[in-house]
Amino acid sequence: MQRLAPLTIHEVPSGTEVFDWTVPREWNIRDAYIKNDRGERVVDFQRSNLHVVSYSVPVRTRLSLERLRPHLFTLPDRPDWIPYRTSYYAENWGFCLSQRQLDALGPGEYDVCIDSSLEPGSLTYGEVYLPGESTDEVLVSAHLCHPSLANDNLSGLVIGAHLAQYLEQVARRYSYRFLFVPGTIGAITWLARNETVVPSIRHGLVLASLGDAGRLTYKKSRRGDAAVDRAAMHVLRQLGDHEIFEFSPYGYDERQFCSPGFNLPVGRLSRTPMDRSREYHTSADNLQFIDPLQLARSLTSCLAILYVLENNRTYVNQNPKCEPQLGKRGLYHALGGLTNVPSTEMGLLWTLNLSDGQHGVLDIADRSGLPFETIDRVVTVLRDHGLLKETL
Amino acid sequence: MQRLAPLTIHEVPSGTEVFDWTVPREWNIRDAYIKNDRGERVVDFQRSNLHVVSYSVPVRTRLSLERLRPHLFTLPDRPDWIPYRTSYYAENWGFCLSQRQLDALGPGEYDVCIDSSLEPGSLTYGEVYLPGESTDEVLVSAHLCHPSLANDNLSGLVIGAHLAQYLEQVARRYSYRFLFVPGTIGAITWLARNETVVPSIRHGLVLASLGDAGRLTYKKSRRGDAAVDRAAMHVLRQLGDHEIFEFSPYGYDERQFCSPGFNLPVGRLSRTPMDRSREYHTSADNLQFIDPLQLARSLTSCLAILYVLENNRTYVNQNPKCEPQLGKRGLYHALGGLTNVPSTEMGLLWTLNLSDGQHGVLDIADRSGLPFETIDRVVTVLRDHGLLKETL
Amino acid sequence: MQRLAPLTIHEVPSGTEVFDWTVPREWNIRDAYIKNDRGERVVDFQRSNLHVVSYSVPVRTRLSLERLRPHLFTLPDRPDWIPYRTSYYAENWGFCLSQRQLDALGPGEYDVCIDSSLEPGSLTYGEVYLPGESTDEVLVSAHLCHPSLANDNLSGLVIGAHLAQYLEQVARRYSYRFLFVPGTIGAITWLARNETVVPSIRHGLVLASLGDAGRLTYKKSRRGDAAVDRAAMHVLRQLGDHEIFEFSPYGYDERQFCSPGFNLPVGRLSRTPMDRSREYHTSADNLQFIDPLQLARSLTSCLAILYVLENNRTYVNQNPKCEPQLGKRGLYHALGGLTNVPSTEMGLLWTLNLSDGQHGVLDIADRSGLPFETIDRVVTVLRDHGLLKETL
């Protein structure tokens, strides 16, 4: 991550109060296993960290299979996959294993070891802030609390870091803030420590599950008609197959950003949503599950959405009474009488017609059915000819 | 009726001016018949009161079939049914009979007798008033002017009386007023005598035709977006097969309650509407036409609508910045990582997210797609944990 | 045109500045041809004025077919049709001919002559103003700049002139202004010279392409919810098969009337729109292309729209509390108990119910689903009985 973008790493001590929550003790794990009578590790943390329920308390004991059973989690209908489970807020321990591993366990006694520690430490998150022309901010957030999961963890981090790397190199109208945080507690911690920043957030995106082969999906902010909602819908419509979801209070960290006390204009860009993905929260969410081309397209879609937000300005037609004579400025086809009009000329007419100070570039694109880029190019030409002036 | 609910019976004298109308003379009838040459009663009021056009003036004469014919009403396409007809506001007389009865009449002379009286008397209606915590009222109205008709008359009265009986026994947020009135003139008379009560009416339902086998239908108030409209639509959607009608100025007494000078939030709950029912206003609208189970379900649907109105309060999340930690209060599943969330937990999240003082319980239920009862239960839990406070 | 309606003819000198435009030099043409080696006119302006690109500069030269070719326009997929082309704002010249004519041209040298003149003169347009009770105006505009084209030129002029002739003879609530102008520059010129009139324009229609066999189409004004939009949609819905288009800044002179500096409530009535008509801007748009019955129906549709605008008044029910007793006024069926209500009686009930000073006749017609004429007739009856009073 640091090679891509200049991350600031924040450590927030265990016990810190963050709104209704408290930063928990820090969990670390060195080893864990279940050994059979012959001393063989039949479940081994060294082979996959998913084998241990995250946040499991330390355990070192010997149990019959029957006594062990309530601590074992499998996916019976996916017998080769290991589930991913956590127990953040209840003291507990457990192992996740494939159904085949469970079926192979004989009736004897097992040595069980979880060499973990739950001690005062800190919550860790990364942040990148890129100042722009304005102190108004765009917030981009991804979660990093699901180790080993490729789509539901790594894909959002990777895209966030590449976005930061790209934006660092270009002129920016807005300032940009990237958060790489543990889900829920991390977002809550950031919000609690940055309440003075919140009023500057104009637009935001939560990035999650952006690498699978499914089509792009966008979940609207709680407001439902925020500029980021309209920008994302425009971009996804232009790109083709996609799906738009209304806001719901279940999901990733949009839950916190869109809580009623903040109600931030933050939506979520994903591919297949969690409740439609069989691989979600299993060992099958690995690098083989990632479609590199779709991951790359997710990145360009993010850039397209940010491009819309950066360039969605509002203009006033300086010649509002009747059309200006575009022909004398070389902006219109000279030969009259044709039936079809190229989209650039339709873009000129739409932009002049709607630029009354009430309609932004995105409004014009949506109403005309033309791509944002077409209207944006047209705006540049008309502005250069003195026919448009930005409304500030 | 009196056994079910403590009715106050009002008598309003003939000649009383009620807005643009005048309470008419009182019509009473003792006997009526058409006798043939052999002295046989071929049409006999003693067998069915429907045989006489309601409000017929007294008649005692002898007529040929030809002269009698214009006073006879049948339903040619339902040869066994007797139609129901009235002549309230034009002095007239007539008999209703089955087409088979008419066909059987020979060409001779007939003795015709209607032993009725049209004399100063009074208009009679019943009223039940149940005071609640608030003087704000819910109005429930049913018509009683169609003697012998089971669905289009009795069903509304029965359900109204049972509602009154039930509500009398429970704590009430609103005050309730039940009207059992002759259609049109009765509602007009009540409104004219109770103009000072009208401003207290917050919600209202006209009950009619609630016992047939058809699905439930709700006709919106003139406002179209009144709380009672939204409550009824929510309840009917939860119950399954139903149909919603936009307001129209034709129908039952919603015509008067929704006249522009009152524009009360009064909708109508029915099953098959009059213009789709062949039995409507015929002798076939009898007790055999009533489906007891559907009648009972109509009652529970009314109760469900009133339940929504009683409990549709608005709350403010007392921990509006980020989600409160539900786990530490035992309100959330302890084991993380699961894909599906039970509807009660979704209800918790939706209620916390939307309780910003702008969304009532019904808004939350509608937006979440969860039943009102789920949100209502959740509200109680959250209020008990100090996480919600009612907005007054 | 003068036989139908008393046109005022305006001449605006070349060089006059009209907003961003300048009235151009006047183009006149006496003769034009292409002669082959044998002196035969293979393309002859005397046979069709479409053969010359409108506004062609004078030419008299001798060219090889190869050199001539860039000046020749055909429709390869319609080999018998001559296209219609113009070159208003770029100095150029050209001939339009059928593909068959082009194919028949041998390789030799051709005498080319366009005996035209482009000299200071004037732009000519016609105007009819019919004063009404109010100085508020209805604007009706048709273009006259496509000589020889029947549907896309003559049909709008013919209907405009007949409307003016009819309206001249009847009482008018609004004043009416008919414009017969060259497209674009004519409308711009009129607007530039009549800015003080513009604020009086309450409704407007551009008439174009009203004679073909296609169904009626209406293109909404830029506002989208202007009274003329709602009137046209109501009338077209009553008439049956039709299509409604949202506003777009491409088309006829609605482009100018709906430019953002004016934003007039002007829509467009047409039949087949230009981009769906193969005959558009070709020699096939001739009198054979006109369907006389459809042309006549276009006229009656315009009259119906203007009828709605003229009569769309707003009333207040003088007996707003409960229904008035229509029976005692002879306005309601005497015999009660019937299932179906005639539409006139439904019109009475709807009009009384919605006449609260907020709903005009068109609102009532749209909400009731009844024709405007029904509500309008009912309004007259109710007003005559003192039950309605106009809101001014």
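Please refer to the structure placed before this passage.
Help me understand the nonpolar core, please; the structure alone is not making it clear to me.
Soluble, globular proteins show a tendency: their nonpolar side chains are buried together. In this structure, Phe257 of chain B together with Phe178, Leu207, Leu269, Ile305 and Leu382 of chain C are the most contacted members of the largest nonpolar core, which totals 86 residues. Those residues in contact with leucine 269 of chain C, other than ones at most four positions away along the chain, are Leu205, Val206, Leu207, Ala208, Leu210, Leu216, Thr217, Tyr218, Leu236, Ser298, Cys302 and Ile305 of chain C.

What should I look at first to understand the relation of the copies chain C and chain A in this one?
Overlaying chain C on chain A yields an RMSD of 0.1 Å, the required transformation being a rotation through 120° with an accompanying axial translation of 0.0 Å. Expressed as an axis order, the relation between the two copies is that of a three-fold axis. Measuring from the rotation axis to each C-alpha of chain C, the shortest distance belongs to aspartate 225 of chain C, at 13 Å.

Help me understand the interface of chain C and chain A, please; the structure alone is not making it clear to me.
Contact with chain C, which involves 30 residues of that partner, is made by 27 residues of chain A. Contact between chain C and chain A buries roughly 2,500 Å² in total, counting both sides, with carbon and sulfur atoms accounting for 53%. On the chain C side of the contact with chain A, Asp20, Pro249 and Tyr250 of chain C bury the most area, a combined 26% of that side's loss. The tally of links from chain C across to chain A stands at 5 salt bridges. Among the ionic pairs, lysine 321 of chain A bridges to glutamate 195 of chain C, the shortest N-O distance being 2.5 Å. Joining chain C to chain A, the criterion identifies 14 residue pairs in polar contact (both at pLDDT 80 or more). Mapped by element, the contributors of at least two residues to the side of chain C that touches chain A are β3 (21-22), α4 (185-193) and α6 (254-257) of chain C. For the side of chain C that touches chain A, a count of residues per class yields 16 nonpolar, 8 polar and 6 charged.

How should I be thinking about the sheet that holds strand β1 (residues 8-13) of chain A in this particular structure?
The strands making up a sheet are joined through hydrogen bonds of the backbone, oriented either antiparallel or parallel. Residue and element names in this part refer to chain A. Within the open sheet, the 8 strands sit side by side as β1-β10-β12-β11-β13-β16-β14-β15. Their pairing is mixed. Every other strand in the sheet has two partners, leaving β1 and β15 (242-245) as the edge strands with one partner each. Geometrically, the sheet is characterised by an average inter-axis angle of 20° between neighbouring strands, direction not taken into account. Across 5 bridges, strand β11 (residues 137-143) lies against strand β13 (residues 201-207) in parallel orientation. By the bridge assignment for β13, leucine 139 is matched with glycine 204.

Could you clarify how one ought to interpret the pairing of strand β5 (residues 41-44) of chain B in this entry?
Along any regular strand, the residues point their side chains to alternate faces of the sheet. All names here are of chain B. Two strands pair when backbone bridges link them, and strand β4 (residues 26-35) and β5 are joined in this way by 3 bridges, in the antiparallel orientation. From the neighbouring strand, isoleucine 34 faces β5, where its bridge partner is valine 43. Counted along the chain from β4 to the antiparallel partner β5, the turn is 5 residues long, and its residue glycine 39 has a positive phi close to 80°.

Could you clarify how one ought to interpret the side chain of serine 259 of chain C in this entry?
As for its position among the elements, serine 259 of chain C is in the loop between α6 and β16 (266-270). Taking the relative accessible area as the measure of exposure, serine 259 of chain C reaches 2% and is therefore buried. A polar contact is formed between the side chain of serine 259 of chain C and the backbone oxygen of glutamine 256 of chain C, at a distance of 2.8 Å. Setting aside residues no more than four positions away along its own chain, serine 259 of chain C makes contact with Pro320, Lys321, Cys322, Glu323 and Asn353 of chain A.

Rules used throughout
Residues numbered from 1 in each chain as written. Chains lettered and ligands numbered in written order. Predicted model: local features only at pLDDT ≥ 70, side-chain atom pairs only at ≥ 80, totals over all residues. Heavy atoms only, no water. Core = buried A, V, L, I, M, F, W, Y, C linked by side-chain atoms within 4.5 Å. Buried < 20%, exposed > 50% of the residue type's maximum accessible area, 1.4 Å probe, protein only. Contact = heavy atoms within 4.5 Å. Least-squares fit on C-alpha atoms with pLDDT ≥ 70 in both. Buried area = accessible area lost by both parts, 1.4 Å probe. Salt bridge = Lys/Arg side-chain N within 4 Å of Asp/Glu carboxyl O. Polar contact = N/O pair within 3.5 Å; in protein donor to acceptor, adjacent residues only side chain to side chain. Helix = DSSP H or I, 4+ residues; strand = E, 2+ residues; numbered from the N terminus. Nonpolar A, V, L, I, M, F, W, Y, C, P; charged D, E, K, R; others polar. Pairing = 2+ DSSP bridges. Axes fitted to C-alpha atoms, helices over the stretch in contact; angles between N-to-C directions.

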